[in-house]
Amino acid sequence: MKGVFFLLEVSGLSFHYQPHVPVLTNLTFSVLDGEIVGLLGKNGVGKTTALKLILGLLPLEKGSVCLGNYSLDLHPMQYKKQINYVSDSHDIYNNLTGKEYLNFIADMYEVPSETRSKIYTPLIEAFQVEKYLNSPIKKLSHGTKQKIAVIASLVNDPLLWVLDEPMTGLDVESVQVLKELIQSRAAHGKSVLFSSHILEICENLCDKIVIMQAGTLQKTIELRDNPSYISLEDIYLEVVNDVPMDKGFSIKQNNP
Ligand SMILES: Nc1ncnc2c1ncn2[C@@H]1O[C@H](COP(=O)(O)OP(=O)(O)OP(=O)(O)O)[C@@H](O)[C@H]1O
């Protein structure tokens, strides 16, 4: 069943890379169990930064992040065991082969070899990457790296699967596989949080949309409550550009 309790609770996150240049300011939102949440916002608004903070890849400056009963600050190991991530860049593991990378991630999560093979085998088949697994990652195309990263990120069967612009660079068949994976995980009570600029995909997949503006939450939209005659694109344009809904629609009409 979907949406019984808060799985991820992000409260009051603030962050800056450089002194006096805030990137996030008091960002607050939540993800329920079994919920698919899309994180939207203009380039540079802080989506990747927010995801990295949630993953514990950047130090928490202000605010808190909890996953189930575990706080990232107080129980980092228990917290991190329940989460996994597909980054928007895969360059740091360039010298490993695909197979070495998959085993490395499985080792990090202490997944026994029988379990990892049960998880990896159908995913390797679905994404058709078997023939690339013995090549160094640096020789693979962006899309193939992305598929291997997606496969690796499911080895611990995470309660929360976090993906940063996961569809970028994937071919049509792989986007389909990824969409089905996201839906199937949610159907089994697991949650998914992903950033994207592709509104059609968000509209089709997500239960909830979180729109960021100037490093903070601008609007949360429950798509189940959204009347189908208002498109996500119209709502999004209204929120980020402060354009009224009918004006947003006319902009779309004038620019086929
Ligand atoms: N390592 C870094 N050092 C300094 N500034 C950074 C660093 N990483 C990101 N930034 C800055 O932080 C801001 C937010 O970047 P971030 O990558 O989180 O945005 P985003 O919403 O994910 O963007 P996009 O949609 O283009 O992927 C930007 O102004 C960016 O230039």
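For the protein, an unreviewed UniProt entry supplies the name ABC transporter ATP-binding protein and the organism Schaedlerella arabinosiphila.

A. Seen up close, the overall build of the protein. Along the backbone of the protein there are nine helices and ten strands. Taken against the 2.2 N^0.38 rule, which gives 18 Å for 256 residues, the C-alpha radius of gyration of the protein at 19 Å falls within 12% of a compact globule. Counting across all 256 residues of the protein, residues that qualify as buried make up 50%. Restricting the contact set of the protein to residue pairs at least 6 apart, pairs at least 24 apart contribute 68%. Element-wise, carbon and sulfur atoms account for 53% of the exposed surface of the protein, whose accessible area totals about 12900 Å². The protein carries 23 positive and 29 negative side-chain charges, and their two centres are separated by 4 Å.

B. Structural view of the site of the ligand. Around the ligand lies a shell formed by Tyr17, Val23, Lys42, Asn43, Gly44, Val45, Gly46, Lys47, Thr48, Thr49, Glu165 and His197. Measuring from an oxygen atom of the ligand, one finds a side-chain N or O atom of Glu165 at 3.2 Å. One of the side-chain N or O atoms of His197 is found 2.9 Å from an oxygen atom in the ligand. If the ligand stood free it would expose 640 Å²; the protein chains cover 59% of that surface. Here the element with the most residues in the shell around the ligand is helix 1 (residues 47–55); it accounts for three residues. Across the shell around the ligand, the residue classes tally to three nonpolar, six polar and three charged.

C. View of the packing of aromatic side chains. Within the structure shown, the criterion is met by three aromatic pairs. Between Tyr93 and Tyr101 the ring centres are 4.9 Å apart and the planes differ by 45 degrees, which places this aromatic pair in the tilted class. Classification of Tyr93 by relative accessible area gives partly exposed; the value is 25%. The class of Tyr101 is buried, set by a relative accessible area of 11%. Ring geometry for Tyr93 against Phe104: centres 5.7 Å apart, planes inclined by 55 degrees, an arrangement best described as tilted. Here Phe104 lies in helix 3 (residues 98–108) and Tyr93 lies in the loop between strand 6 (83–86) and helix 3, a separation of eleven residues in the sequence. Residue classification places Phe104 among the partly exposed positions, given a relative accessible area of 32%. Ring pairs connect the aromatic residues Tyr93, Tyr101 and Phe104, which therefore count as one cluster.

D. Here's a closer look at helix 5 (residues 142–152). With ten of its eleven residues buried, helix 5 lies for the most part within the structure. Within helix 5, the full set of buried residues consists of Gly143, Thr144, Lys145, Gln146, Lys147, Ile148, Ala149, Val150, Ile151 and Ala152.

E. Broad picture of the domain arrangement of the protein. On domain assignment, one finds that the protein holds domain 1 (6–82 + 158–225) and domain 2 (92–155). A C-alpha centroid distance of 23 Å is found between domain 1 and domain 2. Taken together, the contact pairs 15 residues of domain 1 with twelve residues of domain 2. In this assembly, domain 1 packs against domain 2 so that about 1000 Å² is buried in total across both faces, 64% of it on carbon and sulfur atoms. Inspection of the region where domain 1 meets domain 2 yields two salt bridges. Note that Asp171 and Lys147 form a salt bridge whose closest N and O atoms lie 3.4 Å from each other. Our count for the contact surface shared by domain 1 and domain 2 stands at six residue pairs in polar contact (both at pLDDT 80 or more). Looking at the side of domain 1 that touches domain 2, the elements that each hand over two or more residues are helix 2 (76–81) and helix 6 (172–187). Element by element, the count of residues in the side of domain 1 that touches domain 2 is highest for helix 6, at five residues.

The rules we used
Residues numbered from 1 in each chain as written. Predicted model: local features only at pLDDT ≥ 70, side-chain atom pairs only at ≥ 80, totals over all residues. Heavy atoms only, no water. Helix = DSSP H or I, 4+ residues; strand = E, 2+ residues; numbered from the N terminus. Rg over C-alpha atoms; globule rule 2.2 N^0.38 Å. Buried < 20%, exposed > 50% of the residue type's maximum accessible area, 1.4 Å probe, protein only. Contact = heavy atoms within 4.5 Å. Areas by Shrake-Rupley, 256 points an atom, 1.4 Å probe, with all protein chains shown as cover. Lys, Arg positive; Asp, Glu negative; His and termini not counted. Charge placed at Lys NZ, Arg CZ, Asp CG, Glu CD. Near = heavy atom within 4 Å. Polar contact = N/O pair within 3.5 Å; in protein donor to acceptor, adjacent residues only side chain to side chain. Nonpolar A, V, L, I, M, F, W, Y, C, P; charged D, E, K, R; others polar. Phe/Tyr/Trp six-rings, centres within 6.5 Å; stacked < 30°, edge-to-face > 60°. Domains from an automatic or database assignment. Buried area = accessible area lost by both parts, 1.4 Å probe. Salt bridge = Lys/Arg side-chain N within 4 Å of Asp/Glu carboxyl O.

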